[in-house]
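Observations on the three-dimensional arrangement
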Amino acid sequence: MKRCFVRPWFFVVLVMVSFAVAARAASQRVIIDTDPGVDDAMAILLALNSPELKVEALTVVPGNVEGKQGLENALKIVSLAGRCDVLVAGGAQHPLNQKLITAQYWHGPNGLAGVELPASKCKADSRFGPDLIIEFVHKYPHEITLIPVGPLTNIALAVSKDPSIVPLVKDIVIMGGSITGGNVNGAAEANIYNDPDAAAIVFNAGWMVTMVGSDVGERTLITRRQLSELQSMHGPESDFVYKLADFYVTRSEKSGYQGAAMYDPLAVGTVIDPTLVTLKDMHVDVETKGEFTRGETVANRMGYDEKNVLHGDHYEIDGLQEVKTNARVCLASDADRFVRMFVDRIKGK
């Protein structure tokens, strides 16, 4: 009788493959809606280097740059990461009811700090971004987490076209808004300001929006110390992120910051590890009409409105009226732990 000997290394390989398959199966399916964008690019690469996430698609919205430039940037980023399996689809070309405001001041002439990446080996998906979102939510009910890190135009279009996706979405985690003042003016954060009407649709859609605002992003900084770490580890992605972050930190320092706000990466980090942030349930409205406050996210931190009752020629407060929560608002982050995770993931640890 012939005996068959199996080498020990075979079992090691088998175990490693089994773990890899299990990890892939356990990964959260996500769609990132993005306007790339320096911090968008960093957020995308964080997601692509995180085994906790299965990035199904990038849908592109105009914001930091115009839609055509954003689509080109997204395709180049997934190509750099060797991830042509990730679908990339263009979406809306302008906000719902106002002119587009782009942000090359913060992101460089091409949105990627002026860094010219090689031509993409990946091809754009022919579907319209909002339609792709609708299709995937129905294909994977209760499995898709949406991560919009730009203006909310595409998400609003998807919800308006097919409201039935709302209860089928596992979670929606946005980078946008603020409860302590804006970053484009005294009231509004940039992503909400760039399409307040879309944001109002999204916040009132009937799901719980996890809101990672600019106020927390501005307390979650990447600094020169982390840049030196990225610079010491050479590779296509880490070199690219170093160049982006160097541009971003330099621009931020000129505006009085000690480092660059990790706005969009923190939203991705919140999906990877919710313990990185502190959340509180609130009701959030989006101001769409105010002369000075259009685009402001107005958060009811008390959980109630005063109820006024007419008495003769005046109103009197006659108790409190509870308001329904529609958002989990980020109040704080474990900034050091998050930035450590970001740098390690980009370095390949």
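Residues numbered from 1 in each chain as written. Predicted model: local features only at pLDDT ≥ 70, side-chain atom pairs only at ≥ 80, totals over all residues. Heavy atoms only, no water.

With that settled, the discussion passes to the sheet that holds strand β13 (residues 327-333). The strand order β3-β2-β1-β4-β5-β6-β13-β9-β10 describes an open sheet built from nine strands, whose pairing is mixed. With partners counted over all chains shown, the strands left at the sheet margins are β3 (87-90) and β10 (297-300), one partner each. On average, adjacent strands in this sheet sit at an angle of 30° to one another, irrespective of strand direction. Relative to strand β4 (residues 144-148), strand β1 (residues 28-34) runs parallel, the two sharing five bridges. When the bridges of β4 are listed, D33 appears paired with P148. (Pairing = 2+ DSSP bridges. Helix = DSSP H or I, 4+ residues; strand = E, 2+ residues; numbered from the N terminus. Axes fitted to C-alpha atoms, helices over the stretch in contact; angles between N-to-C directions.)

Within this model, the largest pocket holds a volume of roughly 550 Å³. If you trace the largest pocket, you find 31 residues lining it, with A103, W106, H107, N183 and A190 closest to the centre. Looking at the lining of the largest pocket, the elements that each hand over two or more residues are α2 (38-48), α4 (104-107), α7 (190-193), α11 (236-254), β8 (260-261) and α12 (263-272). Looking at the lining of the largest pocket residue by residue, the class counts come to 16 nonpolar, nine polar and six charged. (1 Å grid on protein atoms, 1.4 Å probe; cavity = no way out; pocket = protein on both sides within 12 Å on 5 of 7 lines; lining within 4 Å. Points joined across faces, edges and corners; volume = space filled by probe spheres on them. Nonpolar A, V, L, I, M, F, W, Y, C, P; charged D, E, K, R; others polar.)

Below, the discussion takes up the state of the cysteines. Across all of its chains, the model carries one disulfide by this definition. Disulfide pairing places C84 opposite C122 at an S-S distance of 2.0 Å. When the S-S torsion is -85°, as for the bridge of C84 with C122, the disulfide is left-handed. Of the two residues, C84 is situated in the loop between α3 (67-80) and β3 and C122 in the loop between α4 and α5 (129-139); the sequence distance between them amounts to 38 residues. Under the relative-accessibility criterion, C122 is labelled buried at 6%. (Disulfide = S-S within 2.5 Å. Buried < 20%, exposed > 50% of the residue type's maximum accessible area, 1.4 Å probe, protein only.)

We now examine the pairing of strand β9 (residues 277-286). For a regular strand, side-chain orientation follows a simple rule: the groups alternate between the two sheet faces. Bridge analysis of β9 against β13 gives six bridges, and the strand direction is antiparallel. Pairing of L279 across the sheet is with C330, part of β13. Across four bridges, β9 lies against β10 in antiparallel orientation. The residue of β10 that forms the bridge with V286 is T297.

Per-residue confidence for the protein chain gives a mean pLDDT of 93, with 93% of residues at or over 70. With pLDDT under 50 throughout, residues 9-25 is counted as low confidence; its partners more than four residues away or in other chains account for five contacts. (pLDDT = per-residue confidence, 0-100. Contact = heavy atoms within 4.5 Å.)

Helix length check: α11 (19 residues) gives 28 Å between terminal C-alpha atoms against 27 Å at 1.5 Å per residue, within 8%. The set of residues buried in α11 consists of E237, S238, F240, V241, Y242, L244, A245, Y248, V249 and S252. With its phi angle positive at about 100°, G256 sits one or two positions after the end of α11. (Expected span 1.5 Å × (residues − 1).)

It is worth spelling out unusual backbone geometry at this point. A negative phi angle is the norm for most residues apart from glycine, just as the trans form is the norm for most peptide bonds. Following P36, the chain continues to G37 via a peptide bond in cis, the omega torsion being -10°. Within the element layout of this structure, G37 appears in the loop between β1 and α2. Notably, A113 is not glycine yet its phi reads approximately 60°, a positive angle. Relative to the helices and strands, A113 resides in the loop between α4 and α5. Note on A113: relative accessible area 16%, which makes it buried. Not every positive phi belongs to a glycine, and H142 is a case in point at roughly 65°. One can find H142 in the loop between α5 and β4.

Let us look at helix α13 (residues 335-347). Its 13 residues place the ends of α13 18 Å apart at the C-alpha level, agreeing with the 18 Å of an ideal helix rising 1.5 Å per residue. Counting buried positions along α13 gives ten out of 13 residues, so the element sits mostly inside the fold. Residues of α13 that are buried include every one of A335, F338, V339, M341, F342, V343, D344, R345, I346 and K347, and no others. Looking at the packing, one finds that the buried side of α13 touches α2, β7 (221-222), α10 (224-232), α11, α12 and β13. Remark: G348 follows α13 within two positions and exhibits a positive phi of approximately 95°.

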